[in-house]
Amino acid sequence: MDNIKNTSLLSILCEPGELTLAIDNPADGSVVGYIPLQSETEIDECIRKSRLAQKLWQKRPAKERSHFLYRWYELVMENQADLARLMTLEQGKPLAESMAEVAYGASFIQWFAEEGKRAYGTTIPAHTEDRRLMTIKQPVGVAAAITPWNFPIAMITRKAAPALAAGCSFIVKPANQTPLCAYAVVELARQAGMPEDLLQVVVHHSPEKVGDIFTRHPMIRKLSFTGSTRIGRQLIAQSAETIKNTSMELGGNAPFIVFDDADIDQAVQGAIASKFRNAGQTCVCANRFYVHDAVYDQFVSRFIEAVKNIKVGNGLEEGVQIGPVIDALAKERILQKINLAVGQGATIATGGESLDGCFVEPTVLTDVQHSMSFLREELFGPVAPIVRFSNDEQLIHQANDTVYGLAAYFYSRDITRIWQVAEALEYGMVGINEGIISTELAPFGGVKQSGFGREGGQEGLEEYLETKYLCFGGIN
Ligand code: NAP
């Protein structure tokens, strides 16, 4: 592959064959490369090896594990340009966004290299004179993950780094559309000195089969999933049989609210960043805009002007801000939702055209009512529907009127309103005068049908730890 300096990142590539997977470039439909598919027996073997590797890894002092993670972080950053190019080729996002994702993904490795050293237990005041009570933290064991295509590196490192820092081993099944980044980032962990079986990638032609193996295998003690609510629900049900520890980062339906006292320039800037990053294909993307009547015309005209200036194209080209959506099916779904919205009475204020290939024009929909059914689900594309509101109380009801609860955003300069709204929104994360909220320093995750568990922050490590209570008796 041209311009990729560290060719060891791509050693997984093979010639096409019966048991290989082709990875397509969504920008032009060309094949980026082929990789081998694993069999069920090979996946089972990976899990067994992972268990053995975990037992040894757990015994290493946290400080030693931290050194490996830190070296991994450094190697990811040293290879940032190569990883970013690979990401744009297989996923389509603009190169600048890929560079940012590599740095974001690496930041979790750096953070958990530190946090792993702070897996503190507690001492507990005892209930009798002759007893002493305490807790210790221990790794859950073998952790498995299933990740989506929209953040091919960050969704892996957000799970792998805390798992490894906690003393777990880790197996990931990446999305079949973006496995190259997964292999590349795991290759760098090996170059950082981590044992081969500690961190593994599995790719099988059937995601259902991998889900089935991961959820039912007794050696896998933890399953962390990022993806759609539909598949998450299925994996939770399957995990019931082995009572597996699960974390679920699922879909969202984020409201983006602009109150009458908002700084409109700031709100437009936040709206563009939140809505159009990754061509609108992020779980925390603003999905529904609610703008107060008093500032509606002002906000909408500035927003439309900004949207018209967004450059769409192949992510490798200079200055491109929106790349293709992931595939033809995704494009079809987005266009269908625009048609549905128009059928329900919405107006296309800008965009809405079908471009060649997997590209969708950035689109703004006005004359949208909260009651329109297309607002119930994630649009997962560069489409911004705007609802007008005039009553704060009704607005909060509408913002919470969804089964999802991942991220919400609002713009206001009134401190009382800010506290009231922040507390009233039924979401795991709230951006206040801010459209980009993700960072390794803070807990990322949802409530309601957006899932449970947190990634990043202090909480991220807890997902991979068990608390063991020790009771010492006979101390007189
Ligand atoms: P998806 O269809 O649920 O796929 C996610 C992962 O699950 C992929 O690796 C996929 O494999 C795999 N998968 C599909 N069917 C499966 C099955 N029956 N059993 C086990 N695994 C299965 O989701 P997506 O469309 O790729 O991703 C978009 C969704 O992810 C959106 O809803 C988005 O909001 C959500 N998301 C959430 C977060 C968060 O942190 N909350 C972050 C990013 C994305 P294949 O790709 O090989 O089919």
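Just so we're clear, the structure is a prediction, and the values are computed from it rather than from any experiment.

**Quick look at the nonpolar core**
Here is step 1 of the chain: Counting residues in hydrophobic clusters, the biggest one holds 67 residues, and the most contacted among them are Ile257, Val258, Phe289, Phe299, Phe303, Ile386 and Leu425.
Here is step 2 of the chain: If you tally residues by element for this core, the top one is helix 10 (residues 293-308), at seven residues.
Here is step 3 of the chain: In contact with Phe299, other than residues within four places in its own chain, are Val258, Ile264, Ala267, Val268, Ala271, Phe289, Val291 and Ile386.
Here is step 4 of the chain: The next biggest cluster of nonpolar side chains, apart from the first, holds 64 residues, and it includes Leu83, Leu188, Ala192 and Leu465.

**Some remarks on the site of the ligand**
Here is step 1 of the chain: Near the ligand you find 30 residues, and of these Thr147, Trp149, Ser228, Leu250 and Glu378 are the closest.
Here is step 2 of the chain: Arg158 is positioned with one of its side-chain polar atoms (N or O) 3.2 Å from an oxygen atom of the ligand.
Here is step 3 of the chain: Here an oxygen atom of the ligand and a side-chain polar atom of Ser228 are 2.6 Å apart.
Here is step 4 of the chain: Contact with the protein chains covers 88% of the free accessible surface of the ligand, which is 900 Å².
Here is step 5 of the chain: Those elements that provide at least two residues to the shell around the ligand are helix 5 (154-166), helix 7 (207-216), strand 8 (220-226) and helix 8 (229-239).

**A look at the packing of aromatic side chains**
Both the distance between ring centres and the angle between the ring planes are used here to describe each pair of aromatic rings.
Here is step 1 of the chain: The final tally for this structure, using the stated rule, is twelve aromatic pairs.
Here is step 2 of the chain: With a centroid separation of 5.0 Å and an interplanar angle of 40°, the aromatic rings of Phe256 and Phe289 are classed as tilted. Taken as a pair, Phe256 in strand 10 (residues 254-258) and Phe289 in strand 11 (residues 286-292) lie far apart in primary sequence, 33 residues in all.
Here is step 3 of the chain: These aromatic residues form a ring-pair network of at least three members: Phe256, Phe276, Phe289, Phe299, Phe303, Tyr409 and Tyr411.
Here is step 4 of the chain: Arg388 extends its terminal NZ or CZ atom over the ring of Tyr296, reaching a point 3.9 Å from the ring centre.

**Remarks on the sheet that holds strand 12 (residues 347-350)**
Here is step 1 of the chain: One open sheet holds the seven strands; their spatial order is 12-13-14-11-10-15-16, and the pairing between them is mixed. Strands with a single pairing partner mark the edges of an open sheet, and in this sheet they are strand 12 and strand 16 (429-432). Shown here is a sheet whose adjacent strand axes are inclined to one another by a mean of 25°, direction ignored.
Here is step 2 of the chain: Contacting strand 10, strand 11, strand 13 (363-368), strand 14 (383-389) and strand 15 (407-411), helix 9 (residues 264-276) crosses the sheet at an angle of about 165° to strand 10.

**Here's the deal with helix 13 (residues 415-424)**
Here is step 1 of the chain: Taken together, the buried positions of helix 13 are occupied by Arg417, Ile418 and Val421. Mapping the buried residues of helix 13 onto a view down its axis gives an arc of 100°, with all of them on the same face. Exposed and facing more than 90 degrees away from the buried side of helix 13 are Ile415, Trp419, Gln420 and Glu423.
Here is step 2 of the chain: In this fold, the buried residues of helix 13 make contact with helix 12 (392-400), strand 15 and strand 16.

**Some details on unusual backbone geometry**
Here is step 1 of the chain: Unlike most non-glycine residues, Asp367 shows phi in positive territory, near 55°.
Here is step 2 of the chain: Position of Asp367 relative to the elements: it lies in strand 13.
Here is step 3 of the chain: With a relative accessible area of 45%, Asp367 lands in the partly exposed category.

**Some thoughts on the domain arrangement of the chain**
By a widely used convention, the size of an interface equals the accessible area lost when the partners come together.
Here is step 1 of the chain: Taken domain by domain, the chain holds domain 1 (7-251 + 450-470) and domain 2 (254-401 + 407-439).
Here is step 2 of the chain: Placing the centre of domain 1 and that of domain 2 at their C-alpha centroids yields a distance of 31 Å.
Here is step 3 of the chain: Tallying the contact residues gives 21 residues for domain 1 and 23 residues for domain 2.
Here is step 4 of the chain: Between domain 1 and domain 2 we count zero salt bridges in total.
Here is step 5 of the chain: Run the count over domain 1 and domain 2 and you get six residue pairs in polar contact (both at pLDDT 80 or more).
Here is step 6 of the chain: Broken down by element, the residue count for the side of domain 1 that touches domain 2 peaks at five residues, all from helix 3 (residues 80-91).
Here is step 7 of the chain: Looking at the side of domain 1 that touches domain 2 residue by residue, the class counts come to ten nonpolar, six polar and five charged.

**Points about the packing of helix 7 against helix 8**
Here is step 1 of the chain: The contact between helix 7 and helix 8 brings their axes to 8 Å, and the two run at 40°. With respect to helix 8, the axis of helix 7 lies oblique. For the pair helix 7 and helix 8, the sense of crossing is right-handed. Counted together, Gly211, Asp212, Thr215 and Arg216 of helix 7 and Leu235, Gln238 and Ser239 of helix 8 form the full contact between these two elements.
Here is step 2 of the chain: For the contact of helix 7 with helix 8, the class distribution of residues is one nonpolar, four polar and two charged.

**Things to note about the pattern of salt bridges**
Here is step 1 of the chain: By the definition in use, this model includes 23 salt bridges.
Here is step 2 of the chain: Two residues, Lys93 and Glu101, come together in a salt bridge whose shortest N-O distance is 2.5 Å.
Here is step 3 of the chain: What makes Lys93 buried here is its relative accessible area of 3%.
Here is step 4 of the chain: Residue Glu101 is classed as buried on the basis of its relative accessible area, which comes to 3%.
Here is step 5 of the chain: The salt bridge partner of Arg118 is Glu114, with a shortest N-O separation of 3.5 Å.
Here is step 6 of the chain: Note on Arg118: relative accessible area 39%, which makes it partly exposed.

**A look at the sheet that holds strand 4 (residues 132-139)**
The strands making up a sheet associate through hydrogen bonds between their backbones, and the pairing can be parallel or antiparallel.
Here is step 1 of the chain: The sheet built from three strands is open, its strands ordered 3-4-18 with antiparallel pairing. Each edge of the sheet is formed by a strand with only one pairing partner; in this case those strands are strand 3 (122-124) and strand 18 (465-472). Taken over all neighbouring pairs, the strand axes of this sheet differ in orientation by 25° on average, direction set aside.

**Concerning the environment of Ser8**
Here is step 1 of the chain: Relative to the elements of secondary structure, Ser8 occurs in the segment before strand 1 (20-24).
Here is step 2 of the chain: Relative accessible area serves as the criterion here: at 25%, Ser8 is assigned to the partly exposed category.
Here is step 3 of the chain: When the C-alpha positions of Ser8 and Ala184 are compared, they lie 8.1 Å apart, and in sequence the two are 176 residues distant.
Here is step 4 of the chain: Not counting chain neighbours up to four residues away, the residues in contact with Ser8 comprise Glu187 and Gln191.
Here is step 5 of the chain: At a separation of 2.7 Å, a polar atom in the side chain of Ser8 contacts the side chain of Gln191.

Procedures and definitions
- Here, residues in each chain are numbered from 1, in the same order as that chain's written sequence.
- Predicted model: local features are reported for residues with pLDDT of at least 70 only, side-chain atom pairs are reported and counted for 80 or more only, and whole-chain, interface and lining totals are derived from all residues.
- Heavy atoms from the whole structure form the basis of all side-chain values; hydrogens and water molecules are not counted.
- In this description, a nonpolar core means a group of buried Ala, Val, Leu, Ile, Met, Phe, Trp, Tyr and Cys residues linked to one another through side-chain atoms lying within 4.5 Å.
- Exposure categories follow from relative accessible area, calculated using a 1.4 Å probe and restricted to protein chains: below 20% of the type maximum is buried, above 50% is exposed, and the middle band is partly exposed.
- The way it works is that DSSP assigns letters per residue, a run of H or I at least four long becomes a helix, a run of E at least two long becomes a strand, and they are numbered from the N terminus.
- Note on contacts: a residue pair is in contact if any heavy atoms of the two residues lie within 4.5 Å.
- Working definition: residue near molecule or strand if any one of its non-hydrogen atoms lies within 4 Å of it.
- Any N or O atom pair separated by 3.5 Å or less is treated as a polar contact, with the protein-specific requirement of one donor-capable and one acceptor-capable atom, and with residues adjacent in sequence counted only for side-chain atom pairs.
- Note on areas: Shrake-Rupley with a 1.4 Å probe; residue coverage comes only from the protein chains shown.
- Pairing of aromatic rings covers Phe, Tyr and the six-membered ring of Trp, with a centre-to-centre limit of 6.5 Å; geometry is then stacked below 30 degrees between planes, edge-to-face above 60, and tilted otherwise.
- By definition, being over a ring means that NZ of Lys or CZ of Arg is both within 6 Å of the ring centre and within 35 degrees of the ring normal.
- We treat two strands as partners when DSSP finds at least two bridges between them.
- Note on geometry: axes are C-alpha line fits, over the in-contact stretch for helices, and angles between N-to-C directions span 0 to 180 degrees.
- The directions considered for the arc are those from the helix axis to the C-beta atoms.
- The domain limits used here are those given by an automatic or database domain assignment.
- In what follows, salt bridge is the name for a side-chain nitrogen of Lys or Arg lying within 4 Å of a carboxyl oxygen of Asp or Glu.
- Basically, the charged four are Asp, Glu, Lys and Arg, the nonpolar ten are Ala, Val, Leu, Ile, Met, Phe, Trp, Tyr, Cys and Pro, and anything else, Gly included, counts as polar.
- Working rule for angles: under 35 degrees goes down as roughly parallel, over 145 as roughly antiparallel, 65 to 115 as roughly perpendicular, anything else as oblique.
- In a left-handed crossing the near helix is turned counterclockwise from the far helix by less than a right angle, and in a right-handed crossing that turn is clockwise.

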